[in-house]
Amino acid sequence: MRLRLPTSVSEARECLAEGAIPVGGATLVWAAWQRDGFPEQAVSLRGVPEATVIGDGVLGGAVLLHQVDERVPELLRKAAKGVGTGAVRRAATVGGNIAGSALRDLLPAAIVLDARADVLTADGVYEVDLTEVQAKTPVLLALRWREPVKGAYVKVAGPAGGEVPTIAAAAVDTEGVLRVAVREGYAVSSGEVGADGGGLEELFAGALSGVSEAGRELVREQVAGVLGE
């Protein structure tokens, strides 16, 4: 396998156009490649500045999870810190977690930050919402968001080898919008209400109707933390 390491967006586009398979830390694909065969060529964005930026409301897709630090909101840091083991976090990337993983631990945090995604294709860079990222699993170049007034994030670990841990996140922005998101199993549900949280129970009857009572209680706890209750 030939690993290509472009140093610009234009070079990365050329790699994709020539059939290179995107790869970050390969934590999600290495075992499958060993079993099924390696691609002829792969491409990593770790040399592309737009994919490795951290701070000022941007987080590059090629940033390793252990590199996510105080330059991003606390709830994103918590999300990154809670992924796998230290060895995994030193190899896995932001883009791999959000766009390439079925678990997507960072996704609830990104949703409540009202993040948008810059995605890379052979034709160019496009800004899309996170719904499209979930549906199409594109090459994530970077996340962009507005700084929240306050946010909260929790991951409740289950027994080893058991169910996927539940994640709940909440954040309020400068325009007075409170966003919440919860992951149960592999499903992520989300919604938004006014900054006082008064419409939360209505969300549970609508956009979050599939969330269990335990998941709803986690959401309530995060909202209470954001609102200082």
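As shown above, the structure is provided for reference.
Structure report, in brief. This structure is a prediction, so every number in the text was calculated from the model and none was measured. (Residues numbered from 1 in each chain as written. Predicted model: local features only at pLDDT ≥ 70, side-chain atom pairs only at ≥ 80, totals over all residues. Heavy atoms only, no water.)

## Points about helix 1 (residues 9-17)
At step 1: Taken together, the buried positions of helix 1 are occupied by Val 9, Ala 12, Cys 15 and Leu 16. Buried residues along helix 1 cover an arc of 115° about the axis, so they all sit on one side.
At step 2: Immediately downstream of helix 1, the backbone of Gly 19 shows phi near 95°, a positive value. (Buried < 20%, exposed > 50% of the residue type's maximum accessible area, 1.4 Å probe, protein only. Helix = DSSP H or I, 4+ residues; strand = E, 2+ residues; numbered from the N terminus. Arc of directions from axis to C-beta.)

## Considering the pattern of salt bridges
At step 1: According to the stated counting rule, one finds 17 salt bridges in the structure shown.
At step 2: The residue Glu 18 makes a salt bridge to Arg 4 at a minimum N-O spacing of 2.6 Å. Taken together, the residues span a long stretch of sequence, with Glu 18 in the loop between helix 1 and strand 2 (21-22) and Arg 4 in strand 1 (residues 2-4) at a distance of 14 residues.
At step 3: Here Arg 4 falls in the buried class, since its relative accessible area comes to 13%.
At step 4: Across the pair Glu 127 and Arg 116 runs a salt bridge whose closest N-O atoms are separated by 3.4 Å. With a gap of 11 residues between them, Glu 127 in strand 7 (residues 124-129) and Arg 116 in strand 6 (residues 116-121) connect regions that are remote in the sequence.
At step 5: Note on Arg 116: relative accessible area 31%, which makes it partly exposed. (Salt bridge = Lys/Arg side-chain N within 4 Å of Asp/Glu carboxyl O.)

## A look at the sheet that holds strand 12 (residues 187-194)
At step 1: With antiparallel pairing, the four strands of this open sheet are ordered in space as 9-10-11-12. Every interior strand has two partners, whereas the edge strands, strand 9 (150-156) and strand 12, have only one. Adjacent strand axes in the sheet meet at a mean angle of 10°, parallel and antiparallel pairs treated alike.
At step 2: Sheet contacts for helix 4 (residues 74-81): strand 9 and strand 10 (166-172); angle to strand 9, the most-contacted strand, approximately 15°.
At step 3: Against the sheet, helix 10 (residues 213-227) engages strand 9, strand 10 and strand 11 (177-184), with an angle of about 30° to strand 10. (Pairing = 2+ DSSP bridges. Axes fitted to C-alpha atoms, helices over the stretch in contact; angles between N-to-C directions. Contact = heavy atoms within 4.5 Å.)

## Thoughts on the sheet that holds strand 3 (residues 41-43)
At step 1: The strand order across the open sheet formed by three strands is 1-3-2, and the pairing between neighbours is parallel. Edge positions in the sheet fall to strand 1 and strand 2, since each has one partner strand and no second.
At step 2: Relative to strand 3, strand 2 is paired through two bridges, and the arrangement is parallel. Following the sheet pairing, Ile 21 is matched in strand 3 by Ala 42.

## Some points on the nonpolar core
At step 1: Counting 36 residues, the largest nonpolar core has Leu 59, Val 94, Leu 130 and Leu 143 as its most contacted members.
At step 2: Those elements that provide at least two residues to this core are helix 4, helix 6 (94-100), helix 7 (107-112), strand 6, helix 8 (130-136), strand 8 (139-144) and strand 10.
At step 3: A per-element tally of this core places helix 7 first, with five residues.
At step 4: Apart from residues lying up to four places away in sequence, Leu 143 is in contact with Gly 57, Val 58, Leu 59, Val 94, Ile 98, Ala 110, Ala 115, Arg 116, Ala 117 and Leu 130.
At step 5: Ala 168, Leu 200, Phe 204 and Val 223 belong to the second largest nonpolar core, which has 17 residues in total. (Core = buried A, V, L, I, M, F, W, Y, C linked by side-chain atoms within 4.5 Å.)

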